Amino acid sequence: MGLFMQFIDSAKEQNLYGYPLFCTTLALLSFGLFLLWMKEWSIHGPTQLPIVGVESPGYFALIKARRKFASSGFRLVRDAYYKYHGKNFVAPTSRNERVVLTSRQVKELSNAPDGVVSFYHAAGATLMAKYTGLDRFLPVGYIRDALRIKLSQDLGSMREVILEETRFAIDCEFPRCTADEWTSVSVFAVILRLVARPSARAFVGLPLCRDEDWLTISIAFSAEVLKAADNVARVPKFLRSFWSYLFNPGKVLDSHKRKAESLLAPIIQKRLEEESLAEKNGTVYERPNDVLQVLLDRVTPHHRTPDCLAEIQMLICLASIHSVSLVFVNTIFDLAEHQECIQPIREEMESLISANGGVLDRMVLRKMRKTDSFCKEVSRTTVGLFNFNCMARKGLTLSDGTYLPKGTMLAAPAAIFATDPDIIEHPETFDGFRWYKRSLQVREGEVNSNGWATTSPHDLVFGHGKHACPGRFFATEELKFMLTFILLQYDFKYPEGQSRPDSVYKGEFRYPNPAQKILFKKLPGPKKFSFL
Ligand code: HEM
């Protein structure tokens, strides 16, 4: 600071103030000093908590830490979790700095009202919704409510349609394989479309779910959202409005929304006409069995438009298709690696379906404890770094005395809880039947908390509490349906000399390697069940 004052004094003596270059330099220097002054060194300004990856004092150390987080986020957070054991610290993600919660704090906040901690505001901040044009429906509870009604409470009524669409999807999307030789399949691409089809059937019903344009945008929308959010996140906060005004990062998203609107419009119009006709004739309107109809029945009248419903449908696709696909791809990768698990799972499937008269229904899916256990283990070992992302909507003091100022972004280290030896035995071992074996120890009358869709303050694959994933029962059933179709018809393995590829890590995200191919072969003999 002394040097800076000396510089100003000498400039006064030499009467340099008139020079534009000097003034610009001075302004830039002042701005730089202001930035340094505004930022705490290695602690998070509002909370005074340490920031992971900041090694030296200064604003630029934080910028460097953000870059480090992008390449080694998982490792940095794991190290900090054990270093500050049971205490909070801050993770500098590419989108924002997040206070990392303990599982006790997750428990405490899991049912907090939206006015205290908001998941919608956190999702909005992470998706840069204000700049990408996604902020219209994120804070409205339509999606959560519609999914809870249709895909949780009323999921039983959808069994037939999901089953039918899964069979259709396998017929359309799964490459033709013979029993004589191995066929190489790019599983990532195939699975995205396999998942998109029954999902679309549940979300918008026939005939739209089989429309190629609808399938394309329902898959592409998520990738475009992430691209647009990344584009804005690169720009400093104070320039984002100006940047989005100049470059409109949500342009592609808008075009997807308009396409979805044009496809939905005639369907919505037909449904509304049929409903009013039924009302006029005093007959009962046969409500289509899908999420779109629940939305039509529940949204306020000014949102009952193709424009609004198209945007809501795109948000549902954003929340669902990629999450399910990633788990599905990882499950195939892990099954191919752990061949010893395939036969016991297959046998369990066959005996349950046979005992049910050859019918695959929800009761059978519920009894598939080995499949459930395997998928839960896949989810445990591949979950993203953070879940339970939320924002403090007002200053709050937790019961352990931690103060979180208004606006603080919070997250729980789901991937680190999932491998903490204090929480789980032998966390580094992949044991496909870990949860099955545990469920056998549950005594009669006790609750079995080993199910895949079960959540807890440290089992955050589907979040926890009030904002736990409302699509998880649908997702787990959809996946078990598809796995049954695949396991009862095909054998699969890695190409010669290959094994499970490492996941791809990017900041807080991890993905199965999209380039990995798997070899498939049709099982010999006739089909075992007529539904296949
Ligand atoms: C295996 C697949 C899935 C996984 C792993 C998953 C995971 C999650 C997680 C972790 C959350 C909570 C967010 C957080 O804690 O930060 C969540 C929320 C949500 N999920 Fe899923 N999900 C899956 C499938 C689905 C499906 C199929 C749908 C729709 C049909 C869906 C719709 C939603 C919605 C709307 C929310 C927000 C809920 C709210 O804000 O209250 N998810 N999901």
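Residues numbered from 1 in each chain as written. Predicted model: local features only at pLDDT ≥ 70, side-chain atom pairs only at ≥ 80, totals over all residues. Heavy atoms only, no water.

### Observations concerning the pattern of salt bridges
1) Next: In the structure shown here, the tally under the stated rule is 37 salt bridges.
2) Next: Here Arg500 ties to Asp334 by a salt bridge, and the two come within 2.5 Å at their closest N and O atoms. With a gap of 166 residues between them, Arg500 in the loop between strand S9 (490–493) and strand S10 (504–506) and Asp334 in helix H14 (residues 306–337) connect regions that are remote in the sequence.
3) Next: For Asp334, a relative accessible area of 3% corresponds to the buried category.
4) Next: Its salt-bridge partner being Lys376, residue Asp459 comes within 2.6 Å of it at the nearest N-O pair. Of the two residues, Asp459 is situated in the loop between helix H19 (434–440) and helix H20 (472–487) and Lys376 in helix H17 (residues 369–382); the sequence distance between them amounts to 83 residues. (Salt bridge = Lys/Arg side-chain N within 4 Å of Asp/Glu carboxyl O. Helix = DSSP H or I, 4+ residues; strand = E, 2+ residues; numbered from the N terminus. Buried < 20%, exposed > 50% of the residue type's maximum accessible area, 1.4 Å probe, protein only.)

### Focus on the coordination of the iron atom of the ligand
1) Next: Donation to the iron atom of the ligand from the protein comes from one atom only, Cys469 (SG), at 2.3 Å.
2) Next: If you trace the backbone, Cys469 turns up in the loop between H19 and H20. (Donors = N, O, S within 2.8 Å, 3.2 Å for Na, K, Ca; no water.)

### Topic: the packing of helix H10 (residues 212–233) against helix H12 (residues 251–281)
The axes of two packed helices give the description: the angle between them and the distance between them.
1) Next: For the pair H10 and H12, the least separation of the axes is 9 Å and the interaxial angle reads 155°. Judged by the inter-axis angle, H10 sits roughly antiparallel to H12. Of the two possible hands of crossing, H10 and H12 adopt the one that is left-handed. Along its contact with H10, which presents Asp213, Trp214, Ile217, Ala220, Phe221, Glu224, Val225 and Ala228, the element H12 presents Val252, Leu253, His256, Lys257, Lys259, Ala260, Leu263 and Leu264.
2) Next: Considering only residue class, the contact of H10 with H12 consists of 11 nonpolar, 1 polar and 4 charged. (Axes fitted to C-alpha atoms, helices over the stretch in contact; angles between N-to-C directions. Parallel < 35°, antiparallel > 145°, perpendicular 65-115°, else oblique. Left-handed = near helix turned anticlockwise from the far one by under 90°. Contact = heavy atoms within 4.5 Å. Nonpolar A, V, L, I, M, F, W, Y, C, P; charged D, E, K, R; others polar.)

### A look at the pairing of strand S12 (residues 517–522)
1) Next: With 4 bridges connecting them, strand S4 (residues 183–186) and S12 associate as antiparallel partners. Within S12, the position partnered with Val185 by the bridge is Ile518. (Pairing = 2+ DSSP bridges.)

### What to know about the site of the ligand
1) Next: Around the ligand sit 23 residues in total, of which Arg144, Phe388, Asn389, His467 and Cys469 are the nearest.
2) Next: Between the ligand and Asn389, the relevant distance is 3.0 Å, taken from an oxygen atom to a main-chain nitrogen or oxygen of the residue.
3) Next: Between the ligand and His467, the relevant distance is 2.8 Å, taken from an oxygen atom to a side-chain nitrogen or oxygen of the residue.
4) Next: Among the elements that line the shell around the ligand, the one with the most residues is H14, at 5 residues.
5) Next: Grouping the amino acids of the shell around the ligand by side-chain chemistry returns 15 nonpolar, 7 polar and 1 charged. (Near = heavy atom within 4 Å. Polar contact = N/O pair within 3.5 Å; in protein donor to acceptor, adjacent residues only side chain to side chain.)

### With respect to the environment of Val299
1) Next: Relative to the helices and strands, Val299 resides in the loop between helix H13 (291–298) and H14.
2) Next: Judged by its relative accessible area of 7%, Val299 falls in the buried class.
3) Next: In this structure, the C-alpha to C-alpha distance between Val299 and Tyr142, residues 157 residues apart in sequence, is 6.9 Å.
4) Next: In this structure Val299 touches Tyr142, Arg304 and Leu309, once residues within four positions along its chain are discounted.

### Here we look at the packing of aromatic side chains
1) Next: On inspection of all chains with the given rule, the structure shows 19 aromatic pairs.
2) Next: With a centroid separation of 5.1 Å and 85° between ring planes, the pair formed by Phe174 and Phe520 is classed as edge-to-face. Of this pair, Phe174 sits in the loop between helix H8 (159–173) and S4 while Phe520 sits in strand S12; the two residues are 346 residues apart in sequence, bridging distant segments of the chain.
3) Next: Site record: aromatic cluster; members linked through ring pairs are Phe174, Tyr490, Phe492 and Phe520.
4) Next: We note Arg210 situated over the ring of Phe168; from NZ or CZ to the ring centre the distance is 3.6 Å.
5) Next: A cation sits over an aromatic face here: Lys376 above Trp435, 4.8 Å from the ring centre. (Phe/Tyr/Trp six-rings, centres within 6.5 Å; stacked < 30°, edge-to-face > 60°. Lys NZ or Arg CZ within 6 Å of the ring centre and 35° of its normal.)

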